[in-house]
Amino acid sequence: MIFSEALGRLEGLGRSAAALVPGLVIALVLFGVGLLVARGVRAAVRRAAELREASPGSAAVLGRIAGGMTILVSFLVAASVAFPSVSAADLFNLLGIGGVAIGFAFRDVLQNLLAGILILLTRPFVIGDQIRAGSHEGTVEDVWVRATVLRTYDNQRILIPNATLFVDKITIMTAHDKRRLAFPLTIGNGDDMREARRVIVEALRGTEGVLADPPPEALVTGLGAAGVDMSARFWIDPPRRRDAVDALDHAISNVKDALTAASIDLPYPTSQVLLHDQTEASDGDRTRQREGWPAGKSPPRARWEVLREARADLERGKREGRDSERKGDPA
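Residues numbered from 1 in each chain as written. Predicted model: local features only at pLDDT ≥ 70, side-chain atom pairs only at ≥ 80, totals over all residues. Heavy atoms only, no water.

**Q** Just checking my understanding: could you explain the sheet that holds strand β8 (residues 228–236) for this structure?
**A** Two modes of strand pairing occur in sheets, parallel and antiparallel, and in both the strands are linked by backbone hydrogen bonds. Pairing in this open sheet of 3 strands is antiparallel, and the strands run β6-β8-β7 from one edge to the other. What marks the edges here is a single partner per strand, and that holds for β6 (179–187) and β7 (217–223). Put simply, the sheet's adjacent strands are angled 25° from each other on average, direction ignored. Judged from the 6 bridges that link them, β7 and β8 form a sheet pairing that is antiparallel. Paired with leucine 223 across the two strands is valine 228, which belongs to β8. Set on the sheet, helix α6 (residues 193–205) makes contact with β6, β7 and β8; between it and β8 the angle comes to about 25°. In the packing of helix α7 (residues 241–261) onto the sheet, contacts are made with β6 and β8, and the angle to β6 comes to roughly 30°. (Pairing = 2+ DSSP bridges. Helix = DSSP H or I, 4+ residues; strand = E, 2+ residues; numbered from the N terminus. Axes fitted to C-alpha atoms, helices over the stretch in contact; angles between N-to-C directions. Contact = heavy atoms within 4.5 Å.)

So, in structure tokens, the structure goes:
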């Protein structure tokens with residue numbers, strides 16, 4: 001009896017499996033077609049990205065993402081055909097619940113992943129651009145799905161999470177063909193500002209790497225403690241870091257030599273310390289209030305005179321003491 005019941009169940013399972021075979025065959029065929037379609041989609045997306053001047057690495061990443069999405073859709077369609085009792089809605093619900101769980105578990109990873117996809121699509125910078133993100137600055141070597149590879153000027157590699165680049169502010173130094181540089185300087189108060197401006201502009205025009213258009217300029221920015229503050233500004237092309245450093249080096253050297261040759265002073269800040277207990281003759285008349293000092297009736301005397309008289313009084317007191325001791329000696 002038990003054997004017959006078990007045999008009946010096995011026959012039922014065999015008939016159920018036989019009924020699923022056609023669906024499984026069709027599902028496998030559909031999934032195989034989906035794989036071929038995914039390969040075509042991957043190639044098409046990669047080609048489209050390359051036509052938009054994306055880097056080979058970025059185009060490959062976008063192609064893989066598109067291909068993966070196509071394979072996922074093909075799998076869901078094949079599963080719904082192979083198992084008619086499971087609807088596509090059930091599969092999508094299961095996928096949604098699993099996606100939420102995975103999202104909570106790998107929140108940071110998925111955040112960087114989505115940010116990397118958006119960076120690859122919007123392309124705020126490309127491979128080879130020089131950018132500054134926070135305290136890091138360098139050349140973009142590659143854009144991965146999770147992070148952007150930055151090569152610093154001292155030949156170090158930094159991986160910056162894509163979410164940071166997508167949310168925070170970044171500076172792209174090579175976004176345009178030209179870049180303006182500037183450096184401050186100070187001339188003497190007695191120097192002619194128009195002549196100094198002419199000398200600075202002429203020196204910049206003769207500097208290697210400085211563009212004639214837009215022309216260089218020298219602007220007065222204020223009256224400082226040491227003299228007249230100015231700013232020398234000029235443009236360079238290309239705007240890369242190495243070119244900027246070389247251009248600044250040549251420009252500052254040429255401007256300094258030109259101002260010196262034109263007898264224009266380049267002063268540096270100086271300070272004067274006044275001590276309120278000085279007694280030098282050059283301090284002024286103490287009978288008048290001066291520089292916060294208290295008024296006095298006696299004329300000022302040199303410090304060395306005061307000290308000499310104090311020492312003389314001390315020696316005089318010692319001698320008088322010795323003389324008084326001798327007079328009181330009975331011998």
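**Q** Can you help me understand α7 in this one?
**A** Given 3.6 residues per helical turn, the α-helix brings residues three or four places apart onto the same face. With 21 residues, α7 should cover 30 Å at 1.5 Å per step; its first-to-last C-alpha distance of 30 Å lies within 8% of that length. Among the residues of α7, Ala244, Ala247, Ala251, Val255 and Leu259 are the ones counted as buried. End-on view of α7: buried residues confined to an arc of 75°, all on one side of the axis. Along α7, the residues that are exposed and aim more than 90 degrees away from the buried face are Arg242 and Ala261. The inward-facing, buried residues of α7 contact β6, α6 and β8. Looking one or two residues beyond α7, the residue adopting positive phi is serine 263, at roughly 60°. (Expected span 1.5 Å × (residues − 1). Buried < 20%, exposed > 50% of the residue type's maximum accessible area, 1.4 Å probe, protein only. Arc of directions from axis to C-beta.)

**Q** What's the story with a nonpolar patch on the surface in this structure? I'm lost.
**A** Side chains of Val25, Val29, Val33 and Val37 sit close together on the surface and give an oily, nonpolar patch of about 310 Å² of accessible area. Looking at the element boundaries, valine 25 is found in helix α1 (residues 2–51). Its relative accessible area of 46% is what places valine 25 among the partly exposed residues. (Patch = residues over 30% accessible without salt bridge, like charges linked within 9 Å, V, L, I, M, F, W, Y side chains within 5 Å. Areas by Shrake-Rupley, 256 points an atom, 1.4 Å probe, with all protein chains shown as cover. Salt bridge = Lys/Arg side-chain N within 4 Å of Asp/Glu carboxyl O.)

**Q** Explain unusual backbone geometry here, please?
**A** Phi is mostly negative for residues that are not glycine, and the peptide bonds are mostly trans. Looking along the chain, the bond that leaves aspartate 213 and enters proline 214 is cis, with omega of 0°. Turning to its location among the elements, proline 214 is positioned in the loop between α6 and β7. With an omega of 5°, the peptide bond running from aspartate 237 to proline 238 counts as cis. Looking at the element boundaries, proline 238 is found in the loop between β8 and α7. Positive phi outside glycine occurs at asparagine 155, with the angle close to 65°. On the secondary structure map, asparagine 155 appears in the loop between β3 (147–152) and β4 (157–161). Since its relative accessible area comes to 53%, asparagine 155 is described here as exposed. Backbone geometry at serine 263 places phi at a positive 60°, although glycine is not the residue there. Relative to the assigned elements, serine 263 resides in the loop between α7 and α8 (303–327).

**Q** What is the right way to look at the pattern of salt bridges in this model?
**A** Charged atoms that come close allow side chains of opposite charge to pair. Tallying each qualifying case throughout the model produces 8 salt bridges. Among the ionic pairs, arginine 151 bridges to glutamate 141, the shortest N-O distance being 3.6 Å. Separated by 10 residues along the polypeptide, arginine 151 in strand β3 and glutamate 141 in strand β2 (residues 136–143) bring together distant segments of the chain. Residue glutamate 141 is classed as partly exposed on the basis of its relative accessible area of 28%. For arginine 157, the salt bridge identified is with glutamate 141, shortest N-O distance 3.3 Å. A residue pair is termed long-range when its members are at least 10 positions apart, and arginine 157 in strand β4 and glutamate 141 in strand β2 qualify at 16 residues. Look at arginine 157 and you get exposed, because its relative accessible area is 58%. One connected set of salt bridges, linked through shared partners, spans Glu141, Arg151 and Arg157.

**Q** Hey, could you run me through the sheet that holds β4 in this one?
**A** Strand order in the open sheet formed by 5 strands is β4-β3-β2-β1-β5, and the pairing between neighbours is antiparallel. Among the strands making up the open sheet, the edge pair consists of β4 and β5 (170–172). Each adjacent strand pair in this sheet contributes to an overall mean axis angle of 40°, direction not counted. Of the pairings in the sheet, the one linking β3 to β4 comprises 5 bridges and is antiparallel in character. Across the sheet, residue leucine 150 finds its bridge partner in β4, namely isoleucine 158.

**Q** Would you mind going over the environment of leucine 211 with me for this structure?
**A** For leucine 211, the location among the structural elements is in the loop between α6 and β7. Distance from leucine 211 to arginine 179, taken between C-alpha atoms, is 10.0 Å for residues 32 residues apart in sequence. With sequence-adjacent residues up to four places away left out, leucine 211 is seen in contact with Lys178, Pro216, Trp235, Ile236 and Asp237.

**Q** Explanation requested: the side chain of arginine 179 in the structure shown.
**A** As for its position among the elements, arginine 179 is in strand β6. For the buried arginine 179, no salt bridge is present, and the opposite-charge side chain at shortest range is glutamate 137, 5.4 Å distant. Looking at arginine 179, its side chain comes within polar contact range of the main-chain oxygen of proline 239, at 3.3 Å. In contact with arginine 179, not counting residues within four places along its chain, are Met173, Phe234, Trp235, Ile236, Pro239 and Ala244. (Lys, Arg positive; Asp, Glu negative; His and termini not counted. Polar contact = N/O pair within 3.5 Å; in protein donor to acceptor, adjacent residues only side chain to side chain.)

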